[in-house]
Amino acid sequence: MKFAVIQFPGANCDLDMLTAVHDVLGQDAEYVSSDASSLEGYDAVLVPGGFSYGDYLRCGAIANYSNIMPEVKRFAEEGKFVFGACNGFQILCEAGLLPGALIRNNSLKFVCKPQTLRVANNQTAFTREYAQDQVITVPIAHGEGNYVCDDATYDALVQNGQIAFTYEGTNPNGSRANIAGITNEAGNVLGMMPHPERAVEAIIGGTDGLPLFKSMLMAFEAQVKGA
């Protein structure tokens, strides 16, 4: 499986993403500049966290207008896998690939800590290696992680099983219904505020994020076999 890790100016989690899938999972992975215009030959796109374009205007707003994003949108529309963490989640929402928006934490403070999550749906391409309702611990580091959406959008998320992860215990940002991560309706795009790529090795604090990337690999293998 070949992963493209998009590099935006100001993003700082691209190495974490590359390390998770290349060094730990053992898959092919390369950086792709936000100035590029092609994702030819890739099977999955990873949109990393950080502060793309300095988080000016809104988090992810400028990144949405970079050269690579029309190709990311085409990639997703073809049913290929796209995963964004933290600022990556914000970018995917700005791009319209995921519904809703991320606004300032209700505390108006940046939060950075290990966070417990619940696997709300283990039937997605990104969660099948977890048990349903499994509680995991994954780092968070964000100032604008408060997920908001209108009632119709929320009802659709629930009805379609698009809520992949919720915050367990304390809600760190005020996110609606404790939402930590959602998929698109087709199930091939996931965005979440926590950083699973920072939880793939025991030596750095835990491996609870690794099943997410293993799930993507399994989903890809199943997709290839079914082709």
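Residues numbered from 1 in each chain as written. Predicted model: local features only at pLDDT ≥ 70, side-chain atom pairs only at ≥ 80, totals over all residues. Heavy atoms only, no water.

### Digging into the overall build of the protein
Move 1: For the protein, the count of helices and strands is five helices and eleven strands.
Move 2: The C-alpha radius of gyration computed for the protein amounts to 16 Å, which stays within 12% of the reference 17 Å derived for 227 residues, consistent with globular compactness.
Move 3: For the protein, the C-alpha atoms occupy an extent of roughly 40 × 40 × 40 Å along the three principal directions.
Move 4: Relative to its 227 residues, the protein shows a buried fraction of 52%. (Helix = DSSP H or I, 4+ residues; strand = E, 2+ residues; numbered from the N terminus. Rg over C-alpha atoms; globule rule 2.2 N^0.38 Å. Buried < 20%, exposed > 50% of the residue type's maximum accessible area, 1.4 Å probe, protein only.)

### Notes on the pattern of salt bridges
Move 1: For the coordinates displayed, the defined rule picks out seven salt bridges.
Move 2: Put simply, E94 and R58 hold a salt bridge, and the shortest N to O gap is 2.8 Å. With a gap of 36 residues between them, E94 in helix α3 (residues 87-94) and R58 in the loop between β3 (44-47) and α2 (69-77) connect regions that are remote in the sequence.
Move 3: Accessibility expressed as a relative area gives 49% for R58, which makes it partly exposed.
Move 4: The shortest N-O distance in the salt bridge between R74 and E71 comes to 2.7 Å. Here R74 and its partner E71 are both found in helix α2, three residues apart, which amounts to about one turn of the helix.
Move 5: Judged by its relative accessible area of 27%, R74 is partly exposed. (Salt bridge = Lys/Arg side-chain N within 4 Å of Asp/Glu carboxyl O.)

### Re the sheet that holds strand β11 (residues 189-192)
Move 1: If you trace the nine strands from one edge of the open sheet to the other, you get β2-β1-β3-β4-β11-β10-β9-β6-β7, paired in mixed fashion. Among the strands making up the open sheet, the edge pair consists of β2 (28-33) and β7 (135-142). The mean inter-strand angle of the sheet, taken between neighbouring strand axes irrespective of direction, is 25 degrees.
Move 2: Inspection of the sheet shows β3 paired to strand β4 (residues 81-85) by four bridges, in the parallel sense. Each bridged residue has a counterpart across the sheet, and for V47 the counterpart in β4 is G84. (Pairing = 2+ DSSP bridges. Axes fitted to C-alpha atoms, helices over the stretch in contact; angles between N-to-C directions.)

### As for the layout of surface pockets
Move 1: In this structure, the largest pocket spans a volume of roughly 170 Å³.
Move 2: G50, F51, F110, A141 and H142 are the residues nearest the centre of the largest pocket, which is lined by 15 residues in total.
Move 3: In the lining of the largest pocket, the residues fall into six nonpolar, six polar and three charged. (1 Å grid on protein atoms, 1.4 Å probe; cavity = no way out; pocket = protein on both sides within 12 Å on 5 of 7 lines; lining within 4 Å. Points joined across faces, edges and corners; volume = space filled by probe spheres on them. Nonpolar A, V, L, I, M, F, W, Y, C, P; charged D, E, K, R; others polar.)

### Examining the pairing of β4
Move 1: The element β4 is extensively covered by neighbouring structure, given that five of its five residues are classed as buried.
Move 2: With four bridges joining them, β4 and β11 adopt parallel strand pairing. Residue V82 lies in a different strand from β11, and its bridge partner there is V189.

### Observations concerning the environment of A29
Move 1: Residue position: A29 is located in strand β2.
Move 2: Judged by its relative accessible area of 10%, A29 is buried.
Move 3: A sequence separation of 14 residues divides A29 from D43, and the C-alpha atoms of the two residues are 9.9 Å apart.

### Considerations on α3
Move 1: Burial analysis of α3 places seven of its eight residues in the buried class, which makes it a mostly covered element.
Move 2: Among the residues making up α3, those that are buried are N87, G88, F89, Q90, I91, L92 and C93.
Move 3: The first or second residue beyond α3 is G96, which carries a positive phi of 80 degrees.

### Here's the deal with unusual backbone geometry
Move 1: Phi angles above zero are rare outside glycine, and D55 is one such case at about 60 degrees.
Move 2: Looking at the secondary structure, you find D55 in the loop between β3 and α2.
Move 3: Within the chain, N178 stands out as a residue other than glycine whose phi angle is a positive 60 degrees.

Nothing here speaks to function; it is geometry throughout.
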